[in-house]
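Here is how the chains run, residue by residue.
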Amino acid sequence: QVQLVESGGGLVQPGGSLRLSCADSKSIFTIYAMGWYRQAPGKQRELVAAIISGGSTNYADSVKGRFTISRDNAKNTVYLRMNSLKPEDTAVYYCAAALQKTGTGPVYNYWGQGTQVTVSS
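Okay, so let's go over this structure. Each chain has its residues counted from 1, following the order in which its sequence is written. Since the coordinates come from a predicted model, pLDDT governs what is reported: local features require at least 70, and pairs of side-chain atoms require 80 or more to be given and counted, while whole-chain, interface and lining totals use all residues. Based on all heavy atoms of the structure, the side-chain values leave hydrogens and waters out of the count.

With respect to the overall build of the protein chain
- Strands are runs of DSSP state E lasting at least two residues, helices are runs of H or I lasting at least four, and both sets are numbered from the N terminus onward. Each helix and strand counted, the protein chain has zero helices and 11 strands in total.
- Starting at the N terminus, the α and β elements of the protein chain follow one another as β-β-β-β-β-β-β-β-β-β-β.
- Each radius of gyration is computed over the set of C-alpha atoms, and the globule rule expresses the reference value as 2.2 Å times the number of residues to the power 0.38. Computed over its C-alpha atoms, the radius of gyration of the protein chain comes to 14 Å, within 12% of the 14 Å expected for a compact globule of 121 residues.
- Across its three principal directions, the C-alpha atoms of the protein chain cover 40 × 30 × 25 Å.
- Looking at the protein chain alone, contacts between residues at least 24 apart form 55% of all its contacts between residues at least 6 apart.
- Under the convention used here, a 1.4 Å probe and the Shrake-Rupley method define accessible areas, while residue burial counts only the protein chains that appear. Accessible surface, the protein chain as shown: approximately 6300 Å² in total, 47% of it carbon and sulfur.
- Within this scheme the basic residues Lys and Arg register as positive and the acidic residues Asp and Glu register as negative, but His and the chain ends are omitted. Every charge is mapped onto a representative atom, which is NZ of Lys, CZ of Arg, CG of Asp or CD of Glu. Side chains of the protein chain carry 12 positive and 7 negative charges; the gap between the two charge centres is 3 Å. Two residues qualify as a contact provided that any one of their heavy atoms is within 4.5 Å of a heavy atom in the partner residue.

Some details on the state of the cysteines
- Cysteine sulfurs are considered disulfide-paired once they come within 2.5 Å of each other. Under the defined criterion, the tally for this structure stands at one disulfide.
- Paired through a disulfide, Cys22 and Cys95 show a sulfur-sulfur distance of 2.0 Å. Between Cys22 and Cys95, the disulfide has an S-S torsion of -80° and is therefore left-handed. Taken together, the residues span a long stretch of sequence, with Cys22 in strand 3 (residues 18-24) and Cys95 in strand 9 (residues 91-102) at a distance of 73 residues. The same class applies to Cys22 as to Cys95, namely buried. For every residue, the accessible area obtained with a 1.4 Å probe (protein chains only) is divided by the maximum for its type, and the residue is called buried under 20%, exposed over 50%, and partly exposed between those limits.

Brief notes about the pairing of strand 8 (residues 77-82)
- For strand 8, the tally of buried residues reaches five of six residues, placing the bulk of the element in the interior.
- Note on pairing: DSSP must find at least two bridges between two strands before they are called paired. Where strand 3 lies against strand 8, six bridges are found, and the strand directions are antiparallel. From the neighbouring strand, Ala23 faces strand 8, where its bridge partner is Thr77.
- Sheet analysis places strand 7 (residues 67-72) next to strand 8, joined by six bridges and oriented antiparallel. Counterpart to Asp72 in the pairing with strand 8 is Thr77.
- Counting the residues between successive antiparallel strands, the hairpin from strand 7 to strand 8 contains four residues, one of them, Asn76, with a positive phi of roughly 50°.

Details of the side chain of Arg66
- Along the chain, the position of Arg66 falls in the loop between strand 6 (57-59) and strand 7.
- Within the local environment of Arg66, its side chain forms a polar contact with the backbone oxygen of Ser62, the two atoms lying 2.9 Å apart.
- The residues contacting Arg66, other than those within four sequence positions of it, are Arg81, Met82, Asn83, Ser84, Leu85, Lys86 and Asp89. Any pair of nitrogen or oxygen atoms within 3.5 Å is treated as a polar contact; in protein, a donor-acceptor pairing is required on top of that, and neighbouring residues in sequence qualify only through side-chain atoms on both sides.

Here's the deal with the environment of Thr115
- Residue placement: Thr115 occurs in strand 11 (residues 115-119).
- Residues Thr115 and Gly42, 73 residues apart in the sequence, show an inter-C-alpha distance of 17 Å.
- Ignoring anything within four residues of it in the chain, the contact list for Thr115 reads Glu6, Gly9, Leu20, Ala91, Val92 and Tyr93.
- A distance of 3.3 Å separates the side chain of Thr115 from the backbone nitrogen of Gly9, its partner in a polar contact.

The structure is reproduced here in structure tokens:
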């Protein structure tokens, strides 16, 4: 079982920055991948960024160059640094963990409770 606890959301002005944190209860060595998803009102949940156990990362096109996902293995914590935030980044952000993968990629079976990010002036 993996338990994920997110923190760091809030209200920020356009152009501002936030850093989200996700602490997980399992050693990083048992987790294949960690991802950050977001869901805006009336929209489907979408993958924003992911980091695989070997350290490789991938990002949604809409956040490339603005968001950075990273991991602190000693703290079992994954971060999402968000710069140059836009109103369209407003959403509930969820941390997710995958212990396994299939041919199509990581299988995210474990989710945090979500943290609200609001970008508004």
